[in-house]
Amino acid sequence: MIRIGVGQDIHRLVLGRRFLLGGVQLPAEKGEAGHSDGDALAHAVIDALLGAAALGDIGGLFPPSDPALKDADSMALLRSALCLVQRAGWRLHNLDCVVCCESPKLLPFRDAIRASLAEALEVPAERVFVKGKTAEGLGPVGEGRAVQALAVCLLERGDSPAGREGKEAQHEAENRD
Ligand code: MG
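Attention in this report is confined to the structure presented alongside it. (Residues numbered from 1 in each chain as written. Predicted model: local features only at pLDDT ≥ 70, side-chain atom pairs only at ≥ 80, totals over all residues. Heavy atoms only, no water.)

1. Some details on the overall build of the protein chain
Across its full length, the protein chain carries six helices and seven strands. Seen in sequence order, the protein chain has helices and strands lined up from the N terminus as β-β-β-β-α-α-α-β-α-β-α-β-α. Classification of the 177 residues of the protein chain by burial places 41% in the buried group. Contacts in the protein chain between residues far apart in sequence, at least 24 positions, make up 73% of those at least 6 positions apart. Accessible surface for the protein chain amounts to roughly 9400 Å². Of this, 54% is attributable to carbon and sulfur atoms. (Helix = DSSP H or I, 4+ residues; strand = E, 2+ residues; numbered from the N terminus. Buried < 20%, exposed > 50% of the residue type's maximum accessible area, 1.4 Å probe, protein only. Contact = heavy atoms within 4.5 Å. Areas by Shrake-Rupley, 256 points an atom, 1.4 Å probe, with all protein chains shown as cover.)

So, in structure tokens, the structure goes:
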């Protein structure tokens, strides 16, 4: 069985905060506002995983009203979400992401971000991809006031309908006179 999941997040960019994407800190004048460390990409990936497994969403699992999550490490939250997904029998096949921001350029950091996400998600880096885009000066992202992240993931689990049918057919064959 396979399940697709999608996640999206947007964070305001403000002075005095770190600019984190998938656990990697990028050099930037402004960073992500947020109750946690503000890692918009990690948050989008969490929602993609949880959505694919129908296990809820980041707001329900890690509510911003929880004082224990103040300045929380979003990659630790991602690992917690992965644990839930794995406990339900799912494993990640691949993850694809888009990050929209005016600056900095993502390309020099892409492989580090992929490696960081892949390590947290316990998959080889070739199963994780991240693309950087700008918003062509349009809207809050284009004006440099926000960073937006999108993530799509594919989960797989061993109990595929085809596999089950195959086992049933085998069972019937074995019990046939
Ligand atoms: Mg967020």
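2. Observations concerning the coordination of the magnesium ion
Binding of the magnesium ion to the protein goes through Asp9 (OD), His11 (NE2) and His43 (ND1), at separations of 2.1 to 2.3 Å. Assessed through its relative accessible area of 8%, His43 is described here as buried. (Donors = N, O, S within 2.8 Å, 3.2 Å for Na, K, Ca; no water.)

3. A few points about the layout of surface pockets
The space that makes up the largest pocket amounts to roughly 230 Å³. As for the largest pocket, its lining consists of 14 residues, of which Ser36, His43, Ile58, Phe62 and Pro64 are closest to the centre. Those elements that place two or more of their residues in the lining of the largest pocket are β1 (2–15), α1 (40–52) and α2 (58–61). Among the elements that take part in the lining of the largest pocket, β1 stands out by supplying three residues, more than any other. Each residue belonging to the lining of the largest pocket can be placed in one class, and the counts come to five nonpolar, seven polar and two charged. Volume-wise, the second largest pocket comes out at about 160 Å³. Surrounding the second largest pocket, Val99, Cys101, Pro104, Lys105, Leu106, Leu107, Arg110, Val130, Lys131, Gly132, Lys133 and Thr134 form its lining. (1 Å grid on protein atoms, 1.4 Å probe; cavity = no way out; pocket = protein on both sides within 12 Å on 5 of 7 lines; lining within 4 Å. Points joined across faces, edges and corners; volume = space filled by probe spheres on them. Nonpolar A, V, L, I, M, F, W, Y, C, P; charged D, E, K, R; others polar.)

4. Quick word on the pairing of strand β6 (residues 128–133)
Bridging between strand β5 (residues 91–100) and β6 involves six bridges; their strand directions are parallel. Opposite Asp96, over in β6, you have Phe129 as the bridge partner. Between β5 and its parallel partner β6, the chain crosses via helix α4 (residues 110–121), and the hand of that crossover is right-handed. (Pairing = 2+ DSSP bridges. Right-handed = clockwise from strand over helix to strand, strands pointing away.)

5. Looking at the sheet that holds strand β7 (residues 146–156)
Read from one edge to the other, the open sheet built from five strands follows the order β4-β1-β7-β5-β6, with strand pairing classed as mixed. Two strands lie at the open edges of the sheet, namely β4 (30–32) and β6, each paired on one side alone. Neighbour to neighbour, the strand axes of the sheet diverge by 20° on average, direction disregarded. Seen against the sheet, α4 touches β5 and β6 and runs at an angle of roughly 140° to β6. (Axes fitted to C-alpha atoms, helices over the stretch in contact; angles between N-to-C directions.)

6. Quick word on the pattern of salt bridges
Opposite charge on two side chains allows them to pair when their charged atoms are near. A complete count under the given rule lists six salt bridges for this structure. Lys70 is the salt-bridge partner of Asp71, the closest N and O atoms lying 3.7 Å from each other. Because the salt bridges share partners, they merge into one network encompassing Arg17, Lys70 and Asp71. (Salt bridge = Lys/Arg side-chain N within 4 Å of Asp/Glu carboxyl O.)

7. Some points on α4
Residues that lie three or four places apart on an α-helix share one face, since the helix turns once every 3.6 residues. Over its 12 residues, α4 runs 16 Å from end to end, which matches the ideal 16 Å to within 8%, given 1.5 Å per residue. Residues of α4 that are buried: Ile113, Arg114, Ser116, Leu117, Ala118, Ala120 and Leu121. At its buried positions, α4 is contacted by β2 (19–21), β3 (24–26), α1, α3 (74–87), β5 and β6. Following α4 by one or two positions, Glu122 has its phi on the positive side, about 60°. (Expected span 1.5 Å × (residues − 1).)

8. Focus: the packing of α1 against α3
Close contact between α1 and α3 brings their axes to 9 Å; oriented N to C, the two are set at 10°. Here α3 runs roughly parallel to α1, going by the angle between their axes. Contacts from Ala42, His43, Val45, Ile46, Leu49 and Leu50 in α1 reach Ser74, Met75, Leu77, Leu78, Ala81 and Val85 in α3. Across the contact of α1 with α3, the residue classes tally to 10 nonpolar, two polar and no charged. (Parallel < 35°, antiparallel > 145°, perpendicular 65-115°, else oblique.)

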